[in-house]
Amino acid sequence: MSASDTTRVLFVCLGNICRSPLAEGVFRELVRDASLEDRYEVDSAGTGAWHVGEPADPRSRAVARKHGIVLDGRARQVSDEDFRTFHVIIAMDRENQENLERIRNGGRARLHLLREFDPDAGDDAEVPDPYYGGPGGFDQVFHMVHRSCLELLDALEAERK
Ligand code: 4NP
């Protein structure tokens, strides 16, 4: 990858209303903070279609807002085209990753789990689904997503050098 290329990054969870919109918002904010907007295009999607067209879950929007991040996207489902368009596809948990591998039909995108980039992950490589839990789960998810996105951006920047 040359220094002038745009890196396209797609974050994926199950519903595209809780975890992946948060990861998208956090990563975009980190890119903006580093004045690297010309190098990255960021989006998110879900492996499932139940919530297509809906805004992010109010609990994700609330935790993002607490950290100065506005989530204003609408849920969409992953498509075949995404595997060709995006360079890097980042799954929140193993089930998302397995579903992505199953539906994949070509394309050049590299697949990773987000918490591969979390320095505090230990043996736990997944971002847990907070949908059925309380708001505390969303705070926890925010912090693991934030730690991971910092390292992910560092890793992608290092590839450009
Ligand atoms: P997400 O969370 O995958 O982080 O967006 C979920 C949202 C909705 C459902 C499951 C997980 N659901 O079953 O509707």
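Predicted model, so just to flag it, every value in this text is computed and none were measured. (Residues numbered from 1 in each chain as written. Predicted model: local features only at pLDDT ≥ 70, side-chain atom pairs only at ≥ 80, totals over all residues. Heavy atoms only, no water.)

1. Comments concerning the overall build of the protein chain
Right, so step 1: Within the protein chain, the regular secondary structure consists of five helices and four strands.
Right, so step 2: Mapped from its N terminus to its C terminus, the protein chain presents α and β elements in the order β-α-β-α-α-β-α-β-α.
Right, so step 3: Against the globule reference of 15 Å for 161 residues, the protein chain gives a C-alpha radius of gyration of 14 Å, in line with a compact fold.
Right, so step 4: Dimensions of the protein chain, computed from C-alpha atoms along their principal axes, come out at roughly 45 × 35 × 35 Å.
Right, so step 5: Burial status across the protein chain gives 48% buried among its 161 residues.
Right, so step 6: The long-range share in the protein chain, meaning contacts at least 24 apart out of those at least 6 apart in sequence, stands at 71%.
Right, so step 7: For the protein chain, the accessible area works out to roughly 7900 Å², and carbon and sulfur atoms hold 47% of it.
Right, so step 8: Side chains of the protein chain give 21 positive and 30 negative charges; the mean places of these two sets differ by 3 Å. (Helix = DSSP H or I, 4+ residues; strand = E, 2+ residues; numbered from the N terminus. Rg over C-alpha atoms; globule rule 2.2 N^0.38 Å. Buried < 20%, exposed > 50% of the residue type's maximum accessible area, 1.4 Å probe, protein only. Contact = heavy atoms within 4.5 Å. Areas by Shrake-Rupley, 256 points an atom, 1.4 Å probe, with all protein chains shown as cover. Lys, Arg positive; Asp, Glu negative; His and termini not counted. Charge placed at Lys NZ, Arg CZ, Asp CG, Glu CD.)

2. A few points about helix H2 (residues 58-66)
Owing to its 3.6 residues per turn, the α-helix brings residues three or four apart onto one side.
Right, so step 1: All buried positions along H2 are accounted for by Ser-60, Val-63 and Ala-64. Projected down its long axis, H2 carries its buried residues within an arc of 100°, all on one side. Along H2, the residues that are exposed and aim more than 90 degrees away from the buried face are Pro-58, Arg-65 and Lys-66.
Right, so step 2: Looking at the buried positions of H2, the neighbouring elements they touch are helix H1 (19-33) and helix H5 (135-160).
Right, so step 3: Two or three places before Arg-59, at the start of H2, stands the capping residue Asp-57, its side-chain oxygen 2.8 Å from that residue's backbone nitrogen.
Right, so step 4: Positive phi appears at Gly-68, one or two residues downstream of H2, with a value of about 75°. (Arc of directions from axis to C-beta. Polar contact = N/O pair within 3.5 Å; in protein donor to acceptor, adjacent residues only side chain to side chain.)

3. So, the packing of aromatic side chains
Right, so step 1: On inspection of all chains with the given rule, the structure shows three aromatic pairs.
Right, so step 2: Centroid distance Tyr-131 to Tyr-132: 4.8 Å. Interplanar angle 80°. Geometry classified as edge-to-face.
Right, so step 3: A connected cluster of aromatic rings, assembled from ring pairs, spans Phe-11, Phe-27 and Tyr-40.
Right, so step 4: Of note, Arg-160 hangs over the ring of Tyr-40, and the distance from its end group to the ring centre comes to 5.6 Å. (Phe/Tyr/Trp six-rings, centres within 6.5 Å; stacked < 30°, edge-to-face > 60°. Lys NZ or Arg CZ within 6 Å of the ring centre and 35° of its normal.)

4. As for the pairing of strand E1 (residues 7-13)
Right, so step 1: The buried fraction of E1 amounts to six of the seven residues, a majority that puts the element mostly inside the structure.
Right, so step 2: The pairing of E1 with strand E2 (residues 40-46) spans seven bridges and is parallel. Directly across from Cys-13, in E2, lies its bridge partner Gly-46.
Right, so step 3: Handedness of the crossover is the feature at issue here: the chain leaves E1, passes through H1, returns alongside E2, and the resulting connection is right-handed.
Right, so step 4: By the bridge criterion, four bridges tie E1 to strand E3 (residues 88-91) in an arrangement that is parallel. (Pairing = 2+ DSSP bridges. Right-handed = clockwise from strand over helix to strand, strands pointing away.)

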